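For reference, the chains in residue letters:
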Amino acid sequence: MGSEWRELKLGDLVEIFDGPHATPKKTSFGPIFLGISSLSRGRINLADSAHLSEEDFKRWTRRVTPSPGDVVFSYETRLGEAALIPDGLGCCLGRRMGLLRAKNGLVDPRFLLYAYLGPEFQETIRQRTVHGSTVDRIALVEMPSFPIRVPDLQTQLAIAHILGTLDDKIELNRRTNETLETMARALFKSWFVDFDRVRAKAEGRAPTGMDADIAKLFPSEFEDSELGPIPKGWTCASLGECVETLSGGTPSKKNTAYWGGNIPWISPKVMTSIHSDEADHHVTRAAVGNGTRIAPAGATLIMVRGMGLHQEVRVSQARGDLTFNQDVKALVAKHIEPTLLLFALLDGQQELLGRVESSGHGTGKLPSDVLLSYPITMPPLPVQTKLATSFVDLNDRIGLARNESRTLRALRDSLLPRLLSGELSVAQAEKAVEATA
C-alpha cells in the first residue's frame, strides 16, 4: 500500500488560517475562545476553555470561523497538537492557534487529522521548528510547502474509519463516565447531605428511587447535633476521626535507582479525574520509604498544596497501590466506607476550596488541621456498607470504562503509525481491531 501513496505539499490539500494575535476580554459564558490548552490527544477538551462575548466573537472570526471538519492546531509552544472541530461547537481561534480547511474532494478531514498526528508529519514539524528565545514555533507562511503523504481518497476514508471508530468509543466512554459520576454525586448529596430519604420518611412519604430493603436503612426521625438536625442514630464526625492520613514525597531525582519502575507516582498534575490511574511518572520499589510512600488501593487522594489549589481542590481515588508527592495527602478510611469517603470529599470540594490559605509566592495550601476538621455525617459503619453498594457499582463502572479506553488508546496509537506508513494494510488493521473487541 505504501507505493500507492503520493507525496504532496500541504498547501495542495488545505487552506491555512490563523486568528487574531491578541486576547479578548474573557467572559463566564458565550462562544468558546479555543486555546492551546483545548487540544488534548487529538481531541477538543473544553474543560479549561475560556469564553468571550458575542461582540468580540464577531471580531475574532473575521478571518475564519471554525467549522465542523476543520483541523485546528497549535503553531507555538505545544507544537504537534491538533484536533478536529466537532459538530455544534461555536468557537474562534485563540492565540497561537491555526486552522487547516480541507479543499473539497482532495483529502478527508479526519484522515488529515491522523496524518497530522502521525510520525512522518510530526517529524516534518520537528525539522521545521523555529527555536526562539522564549517559545518554539512553526512559520505559518511556510506550512503550505510542508510535505505530506496521502493515499487515494477511498483508502483515506478506510483509515479514518478504523482510527475514528476507536476514538469515538473512547469519547463515548468519557461521556458515559461523566454521566455516571454526576449520578453518583447527586445521589450522595441527596442521601448524606440533604437527607432527602430521611426527610421523606419523617413527613410520612415513602422514599422514592430505591427498593424497600434500602429504604428501611434510613431512619424516620432527626436529632440535634452540633451541625443542626441530623438523621437519628447517625454521627457527625470530623474527617480526622474517620481516616488515617498519609503524607507523600519525592524521591531523589538524582538517584536513578528510584525512577522508572512500575509503581505509579502521583502529583496533582495528573489528578484530573475521579480516579488516579494514569500517572506520568513511576518509581521503583527502592523508592518506597526513601522519599515517598505507598497509598493503598481505595485510598482517597486530595491536593493540599500548589498554585492550582486556589482554583480547585482536586480529589481522586487510588485504584491500585501507588505513591504520591508532597503536594498530596492520602486518606485511608478507618471508620467510613472507602467509596463514601471519596464522594464525601468530592461533594465537599467547594467548601474545602473556601478553606485554602495562601503561602509564599501565591501558592495555595490546605493545612492538615483545617482539612481534617471537615465534618462528615454518616450512619453506623454496617449501614454505610449496605448503602455504599450503589456508589461502589457506579464507581466500578467508571473504572472499567477508563480501563477499556486505555486499551483502545494503546491500540489506536499502535495502528496509527503503521497505517500511515503503509506497513499495515486496512484489512490487517481491521483484523487487529476485531481481535480486541
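First, a word on scope: everything that follows refers to the structure included in this document. Given the structure is predicted, the values throughout are model-derived calculations rather than measurements.

So, how was this worked out
Residues numbered from 1 in each chain as written. Predicted model: local features only at pLDDT ≥ 70, side-chain atom pairs only at ≥ 80, totals over all residues. Heavy atoms only, no water. Pairing = 2+ DSSP bridges. Helix = DSSP H or I, 4+ residues; strand = E, 2+ residues; numbered from the N terminus. Axes fitted to C-alpha atoms, helices over the stretch in contact; angles between N-to-C directions. Core = buried A, V, L, I, M, F, W, Y, C linked by side-chain atoms within 4.5 Å. Buried < 20%, exposed > 50% of the residue type's maximum accessible area, 1.4 Å probe, protein only. Contact = heavy atoms within 4.5 Å. Salt bridge = Lys/Arg side-chain N within 4 Å of Asp/Glu carboxyl O. Phe/Tyr/Trp six-rings, centres within 6.5 Å; stacked < 30°, edge-to-face > 60°. Lys NZ or Arg CZ within 6 Å of the ring centre and 35° of its normal. Parallel < 35°, antiparallel > 145°, perpendicular 65-115°, else oblique. Nonpolar A, V, L, I, M, F, W, Y, C, P; charged D, E, K, R; others polar. Polar contact = N/O pair within 3.5 Å; in protein donor to acceptor, adjacent residues only side chain to side chain.

Turning to the sheet that holds strand 3 (residues 26-34), a few remarks are in order. An order of 6-3-9 is seen for the 3 strands of this open sheet, with the pairing classed as mixed. Here the strands that pair on one side only, and so sit at the sheet edges, are strand 6 (50-52) and strand 9 (91-93). Put simply, the sheet's adjacent strands are angled 70° from each other on average, direction ignored. Pairing of strand 3 with strand 6, which is carried by 4 bridges, proceeds in the antiparallel orientation. Opposite Thr-27, over in strand 6, you have His-51 as the bridge partner.

Moving on, we get to the nonpolar core. The biggest cluster of nonpolar side chains holds 46 residues, and the ones touching the most others in it are Phe-192, Leu-239, Ile-302 and Leu-366. Here this core takes 7 residues from helix 9 (residues 338-347), the largest share from any one element. In this structure Leu-239 touches Leu-331, Leu-341, Leu-345, Leu-371, Leu-372, Tyr-374 and Ile-376, once residues within four positions along its chain are discounted. Among the nonpolar cores identified, the runner-up in size contains 40 residues, and Val-107, Ile-125, Ala-160 and Leu-416 belong to it.

For the rest of this paragraph, the subject is unusual backbone geometry. The phi dihedral of Thr-77 falls on the positive side, at around 60°, and the residue is not glycine. For Arg-96, which is not glycine, the phi dihedral falls at a positive 65°. Locating Arg-96 in the fold gives a position in the loop between strand 9 and strand 10 (97-102). Owing to a relative accessible area of 29%, Arg-96 belongs among the partly exposed residues under this scheme.

Time to look at the pattern of salt bridges. For the structure shown, the criterion picks out 31 salt bridges. The closest approach of N and O atoms between Glu-404 and Lys-169, which form a salt bridge, is 3.6 Å. Residue Glu-404 is found in helix 13 (residues 389-421), and its partner Lys-169 is found in helix 5 (residues 153-193); the two are separated by 235 residues along the sequence. Between Asp-194 and Lys-189 there is a salt bridge whose closest N-O contact spans 2.8 Å. Under the relative-accessibility criterion, Asp-194 is labelled partly exposed at 28%. You can call Lys-189 partly exposed: its relative accessible area is 38%. Each of Arg-41, Asp-277, Glu-278, Arg-402, Arg-406 and Arg-409 takes part in salt bridges that share partners, so that together they form one network.

What follows covers the sheet that holds strand 25 (residues 322-324). Taken together, 4 strands build an open sheet; the order of strands is 20-18-25-21 and the sheet is mixed. Either end of the sheet is taken by a strand with one partner, and the two such strands are strand 20 (281-283) and strand 21 (294-295). With 2 bridges joining them, strand 21 and strand 25 adopt antiparallel strand pairing. The residue bridging Ile-294 from the neighbouring strand is Thr-323, located in strand 25.

Applying the stated criterion across every chain, the model contains 16 aromatic pairs. For the pair Phe-192 and Phe-391, a centre-to-centre distance of 6.0 Å together with 50° between the ring planes defines the contact as tilted. Here Phe-391 lies in helix 13 and Phe-192 lies in helix 5, a separation of 199 residues in the sequence. Considering the side-chain rings of Phe-195 and Trp-234, the 5.9 Å spacing of their centres and the 85° angle between planes classify their relative orientation as edge-to-face. Remark: Trp-234 occurs in the loop between strand 15 (230-231) and strand 16 (235-238) and Phe-195 occurs in the loop between helix 5 and helix 6 (196-202); sequence separation between them is 39 residues. You'll find Phe-195 and Trp-234 in the same group, each marked buried. Chaining the aromatic ring pairs together yields one cluster made of Phe-188, Trp-191, Phe-192, Phe-195, Phe-218, Phe-222, Trp-234, Phe-343 and Phe-391. A cation sits over an aromatic face here: Lys-253 above Trp-259, 5.5 Å from the ring centre.

Phe-391 sits in the buried class, given a relative accessible area of 0%. Once the C-alpha coordinates of Phe-391 and Leu-342 are considered, the two residues, 49 residues apart in sequence, prove to be 9.8 Å apart. Setting aside anything within four residues of it in sequence, one finds Phe-391 in contact with Ala-184, Leu-187, Phe-188, Trp-191, Phe-192, Thr-339, Leu-340 and Phe-343.

All right, on to the packing of helix 3 (residues 109-117) against helix 5 then. Relative orientation of the contacting elements helix 3 and helix 5 amounts to 75°, with a least axis distance of 8 Å. As summarised for this structure, helix 3 and helix 5 are arranged roughly perpendicular, according to the angle between their axes. For the pair helix 3 and helix 5, contact is made by Arg-110, Phe-111 and Tyr-114 and by Gln-156, Ile-159, Ala-160, Leu-163, Gly-164, Asp-167 and Asp-168, respectively. Of the residues assigned to the contact of helix 3 with helix 5, the class counts are 5 nonpolar, 2 polar and 3 charged.

Turning next to the pairing of strand 22 (residues 300-303). Alternating positions in strand 22 separate into two faces, Thr-300 and Ile-302 on one and Leu-301 and Met-303 on the other, with burial throughout. Relative to strand 24 (residues 315-318), strand 22 is paired through 3 bridges, and the arrangement is antiparallel. By the bridge assignment for strand 24, Leu-301 is matched with Ser-316. Pairing between strand 22 and strand 26 (residues 328-333): 4 bridges, direction antiparallel. Looking at the pairing, Thr-300 lines up with Leu-331 of strand 26.

Note that Asp-18 resides in strand 2 (residues 14-18). With relative accessibility at 15%, the residue Asp-18 sits in the buried group. Engagement of the side chain of Asp-18 in a polar contact is seen with the side chain of His-21, the distance being 2.8 Å. Of note is the side chain of Asp-18, whose polar atom sits 2.9 Å from the side chain of Arg-63. Among all residues touching Asp-18, those that are not within four sequence positions of it are Arg-63, Val-64, Tyr-75, Leu-93, Met-97, Gly-98 and Leu-140.

Keep in mind these numbers describe shape, not what the thing actually does.
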